[in-house]
Amino acid sequence: MNEINIKYYKSKYGELIIATYENKLCMLDWRYRKMRTTIDSRITKALDSVFVEKDNDLIEKTIIQLNEYFNLERKEFNIPLLFAGSPFQEEVWKKLLKVPYGQTSTYLQLSKAIKNEKAIRAVASANGANAISIIVPCHRIISTNGDLRGYAGGLSVKKKLLDLENNLFTM
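Rules used throughout
- Residues numbered from 1 in each chain as written.
- Predicted model: local features only at pLDDT ≥ 70, side-chain atom pairs only at ≥ 80, totals over all residues.
- Heavy atoms only, no water.
- Phe/Tyr/Trp six-rings, centres within 6.5 Å; stacked < 30°, edge-to-face > 60°.
- Helix = DSSP H or I, 4+ residues; strand = E, 2+ residues; numbered from the N terminus.
- Buried < 20%, exposed > 50% of the residue type's maximum accessible area, 1.4 Å probe, protein only.
- Lys NZ or Arg CZ within 6 Å of the ring centre and 35° of its normal.
- Axes fitted to C-alpha atoms, helices over the stretch in contact; angles between N-to-C directions.
- Parallel < 35°, antiparallel > 145°, perpendicular 65-115°, else oblique.
- Contact = heavy atoms within 4.5 Å.
- Nonpolar A, V, L, I, M, F, W, Y, C, P; charged D, E, K, R; others polar.
- Arc of directions from axis to C-beta.
- 1 Å grid on protein atoms, 1.4 Å probe; cavity = no way out; pocket = protein on both sides within 12 Å on 5 of 7 lines; lining within 4 Å.
- Points joined across faces, edges and corners; volume = space filled by probe spheres on them.
- Pairing = 2+ DSSP bridges.

**Quick notes on the packing of aromatic side chains**
A ring pair, where both rings are aromatic, is described by two values, the distance of the centres and the angle of the planes.
Right, so step 1: Applying the stated rule across the entire model yields six aromatic pairs.
Right, so step 2: Residues Tyr 69 and Tyr 101 carry aromatic rings whose centres are separated by 6.2 Å and whose planes lie at 90° to one another, so their mutual orientation is edge-to-face. Note that Tyr 69 is positioned in helix 2 (residues 57-70) and Tyr 101 in the loop between helix 3 (87-96) and strand 5 (105-106), a separation of 32 residues in sequence.
Right, so step 3: Take Tyr 69: its relative accessible area is 1%, and that puts it in the buried class.
Right, so step 4: By relative accessible area, Tyr 101 is classed as buried at 15%.
Right, so step 5: Of the aromatic side chains, those joined through ring pairs into one cluster are Tyr 13, Tyr 69, Phe 70, Phe 77 and Tyr 101.
Right, so step 6: Note that Arg 31 overlies the ring of Tyr 8, its terminal NZ or CZ placed 3.7 Å from the centroid.

**Considerations on the packing of helix 3 against helix 5 (residues 120-128)**
Right, so step 1: One can describe the packing of helix 3 onto helix 5 by two numbers: an axis separation of 9 Å at closest approach and a directional angle of 75°. When the axes of helix 3 and helix 5 are compared, the pair comes out roughly perpendicular. Between helix 3 and helix 5, the contacting residues are Phe 88, Gln 89, Val 92, Trp 93 and Leu 96 on the first element and Ala 122, Val 123, Ala 126 and Asn 127 on the second.
Right, so step 2: Residues that form the contact of helix 3 with helix 5 fall into these classes: seven nonpolar, two polar and no charged.

**A few points about helix 6 (residues 155-165)**
Right, so step 1: Buried within helix 6 we find Val 157, Lys 158, Leu 161, Leu 162, Leu 164 and Glu 165. Taken around the axis of helix 6, the buried residues stretch over an arc of 155°, which confines them to a single face.
Right, so step 2: On the buried face of helix 6, the contacting elements are strand 3 (24-30), helix 2, helix 4 (107-113) and strand 6 (141-142).

**As for the layout of surface pockets**
Right, so step 1: Of the volumes computed, that of the largest pocket is approximately 260 Å³.
Right, so step 2: In terms of lining, the largest pocket is formed by 13 residues, of which the most central are Arg 33, Gly 128, Gly 150, Tyr 151 and Ala 152.
Right, so step 3: Lining the second largest pocket are 13 residues, and of these Lys 75, Glu 76, Phe 77, Leu 97 and Ile 135 lie nearest its centre.
Right, so step 4: Of the residues that constitute the lining of the second largest pocket, the class distribution is ten nonpolar, no polar and three charged.

**A word on the sheet that holds strand 4 (residues 49-53)**
Right, so step 1: Strand order in the open sheet made by the four strands is 3-2-1-4, with mixed pairing throughout. Pairing within the sheet leaves two strands with one partner each, and these edge strands are strand 3 and strand 4. Across the sheet, the axes of successive neighbouring strands diverge by a mean angle of 30°, strand direction being ignored.
Right, so step 2: Sheet topology note: the strand 1 (residues 2-11)/strand 4 ladder contains five bridges and is parallel. Considered in strand 4, the bridge of Asn 2 is made with Ser 49.
Right, so step 3: Sitting on the sheet, helix 1 (residues 36-46) touches strand 1, strand 2 (14-21), strand 3 and strand 4, and the angle it makes with strand 3 is about 170°.

**Observations regarding the pairing of strand 3**
Right, so step 1: Summarising burial for strand 3: six of the seven residues are buried, a large majority.
Right, so step 2: As defined by bridge partners, strand 2 adjoins strand 3 across six bridges and the pair is classed as antiparallel. Of the residues in strand 3, the one forming a bridge with Leu 16 is Trp 30.
Right, so step 3: Where strand 2 hands over to strand 3, the hairpin turn is made up of two residues, of which Glu 22 adopts a positive phi near 50°.

**Observations regarding empty space enclosed by the protein**
Right, so step 1: Tallied over the full model, the rule gives one cavity of 30 Å³ or more.
Right, so step 2: Computed from the structure, the largest cavity encloses a volume of approximately 40 Å³.
Right, so step 3: Cys 26, Arg 42, Ile 43, Phe 83, Ala 84, Trp 93, Asn 130, Ala 131 and Ile 132 are the residues that line the largest cavity.
Right, so step 4: Residues of the lining of the largest cavity, tallied by class, amount to seven nonpolar, one polar and one charged.

So far we have only geometry, and geometry alone does not tell us how the molecule works.
Here's what the structure looks like:
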């Protein structure tokens, strides 16, 4: 059976699981999120693999870049990504990568970006199913009226990440 290497990483924002497969990041997700079992099952099934707690260079590189992000020293990541989802989910996640650091977008704007304005609920669902948190910035998506909506790490973490990116003292 193929292996997905995982490592648990405690950040000042909460505990994350970092997972790599064939030298690509396939998961950077909140350890204690709702949908943990669903996300894990989707990834292991898509990659026909099992999780094995084992460190590697890409996991360490991810941790270094996360620490730089949390310390206001990094705005963009250069980690190879591997999406494990439906074609629709992957399309949404790729659009999320285009939401700039320090800015927000809405579920409606995301729906329009994939040229399917009526798919707003499906877009919100795909956003919630994102397993590569922070790097694929689902935290930057808010409701049309400006409210913060669900986030795998919790709404308080979503607010903290948005505040971090909007810090007036950044680079």
